[in-house]
Amino acid sequence: MEGARVDVRLSSAQGRWVMLTTVLGSAMAMVDATVVNVALPRVGEDLDADLAALQWTVNAYMLTLAGLILLGGALGDRFGRRKVFVVGVVWFAAASLLCGLAPNAGILIAARALQGVGGALLTPGSLALIQASFHPDDRARAVGVWSGLGGVGAAVGPFLGGWLVDGPGWRWVFLLNVPLALVCVPVALRHVPESRDPQARGRFDVLGAGLAALALGLVTYALIEAPDQGPSAVVAGCGAAGVVLGAVFVYVEKRRADPMMPLTLFASRQFTAINAVTLCVYAAFSGFFFLTALQLQVVVGYSALQAGTALLPTTVLMLFLSSKSGELAQRIGPRIPLTVGPLLCAGGTLLMLRVGEGSSYAADVLPAMVVMGAGMVTLVAPLTATVLASVATARAGLASGINNAAARAAGLVAVAALPLLAGMGPEAYRSAAEFGETFRRAMPLCAGALVVGAVIAWGTVRGPRAGACVPQSRVNCPLTAPPLEEPAGQG
């Protein structure tokens, strides 16, 4: 990463302030994403929202985040990483306040879309500030500290979210971001050095970002509305228009001199293969956690706090064992972990078929979560490391950003498509019997996507071992976020 460096030492007072800033910024997006699924049943009850509205509550955020995250990294490189990060934090907090005050589902969904814009500005900036600010000798340790504290936040998130939903109410899931921002912004402005990439040039690919977001949005709309409207002209038209705009996006990116997503990266067979694996596994993860949080509350009868706590084993396993998984991938290469990991996750997904009315946590829920967590531990660090190892070092940040966008887009489509494929009606989550039946149809679909990912990994992932590219920062649970981003410049 080029640009002005201050070479802050981690042991210095300024180094600690930089760490506090980046951890707080990351925590806003991470904790928010962790707890929203747990809050959905209460949101639906309070706002009289159907299943489609709950899907949009999740997807509106992922839509703008996936479409704009590469552009957000480029803006930081050009105009200043601290400046764009602070703008992102303020934007995210303001959108969170609007979410917390939303009087109806429509305003909540719009506010969630605005949150995604803020997330696209602040999320790439967290790691970028660390990379640009710290002395090279301290950078790896700083990333490790940031990652570890982020992992703690991911572990606390579901518990905190459940407590807020059951206590003060679901609105505090969003309102909590405001005091975090009130601490983060002054510290950033006073103590974090500014940096930018002096070589960043060319035009911003606003057209590409717009096309990507619009294509994803139209396809998502068609998938979410299809159960209620059926194959109507509007649904079919939106779906077809989304596919056409996706093709236009690829055409535009191929023709532009400074594209948001350079298609030349996909000349690497390894890079293409690992992104295909990413699409499969993160689609399954997003669908699994979205539906499981509902299943535990609607069918099993858990409170929000109990549901959030029930999901903790996956995050705890990721927090404590991901570094060991990365070391193993260094020794044996990525092919076996990227094959075994999705298969373990598929097993955990199928174990959830035992979870229904009257289920025991210890006998039914916990085994599924432990197996799912073991699979995630096995595959996440090697997956991200292989993405970075598949391209030249100078393009590693861009490759990581593209992989992150792919993961979020896969989750977006999965949350939209799974209820349709499983036959969930608009009011399914209000009935334990109906939701439980459709949940049992959805879990094999998630398992199938994971198996496809394993097959792709076994058949295509080759090349150099992950080696030195296993990053300490990739220990966060996909329940909260895909592989963490590095800034992606344009031009």
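If you're wondering where the values come from, they're calculated on a predicted model, not measured in any experiment.

A.B. asks: I'd love a proper account of the pattern of salt bridges, names of residues and values included.
C.D. replies: Across all of its chains, the model carries 8 salt bridges by this definition. One salt bridge connects aspartate 166 with arginine 42, and the closest N-O pair in it is separated by 3.0 Å. Pair noted here: aspartate 166 is in helix α5 (residues 136-166) and arginine 42 is in helix α1 (residues 13-47), with a separation of 124 residues, a long-range link. We note a salt bridge from aspartate 258 to arginine 256, for which the minimum N-O separation is 3.2 Å. Like arginine 256, aspartate 258 is buried. Members of the salt-bridge network, linked through shared partners, are Asp48, Glu427 and Arg430.

A.B. asks: So, unusual backbone geometry: which residues are in play, and what are the values?
C.D. replies: Backbone geometry at aspartate 48 places phi at a positive 55 degrees, although glycine is not the residue there. Following the sequence through the fold, aspartate 48 ends up in the loop between α1 and α2 (51-79). Exposure remark for aspartate 48: the relative accessible area of 62% places this residue in the exposed category.

A.B. asks: Outline the nonpolar core, supporting the account with residue identities and numerical values.
C.D. replies: Judged by nonpolar contacts, the single largest core of 144 residues is most densely connected at Phe285, Leu291, Leu296 and Phe435. Counting residues per element, this core draws most heavily on α2, at 16 residues.

A.B. asks: A description of the confidence of the model for the chain should follow, citing residues and the corresponding values.
C.D. replies: Chain-level statistics for the chain give a pLDDT mean of 85 and a share of 89% at 70 or above. Overall, residues 465-491 carries pLDDT values under 50, and its contacts beyond four positions in sequence, including any with other chains, amount to 119 contacts.

Conventions we followed
Residues numbered from 1 in each chain as written. Predicted model: local features only at pLDDT ≥ 70, side-chain atom pairs only at ≥ 80, totals over all residues. Heavy atoms only, no water. Salt bridge = Lys/Arg side-chain N within 4 Å of Asp/Glu carboxyl O. Helix = DSSP H or I, 4+ residues; strand = E, 2+ residues; numbered from the N terminus. Buried < 20%, exposed > 50% of the residue type's maximum accessible area, 1.4 Å probe, protein only. Core = buried A, V, L, I, M, F, W, Y, C linked by side-chain atoms within 4.5 Å. pLDDT = per-residue confidence, 0-100. Contact = heavy atoms within 4.5 Å.

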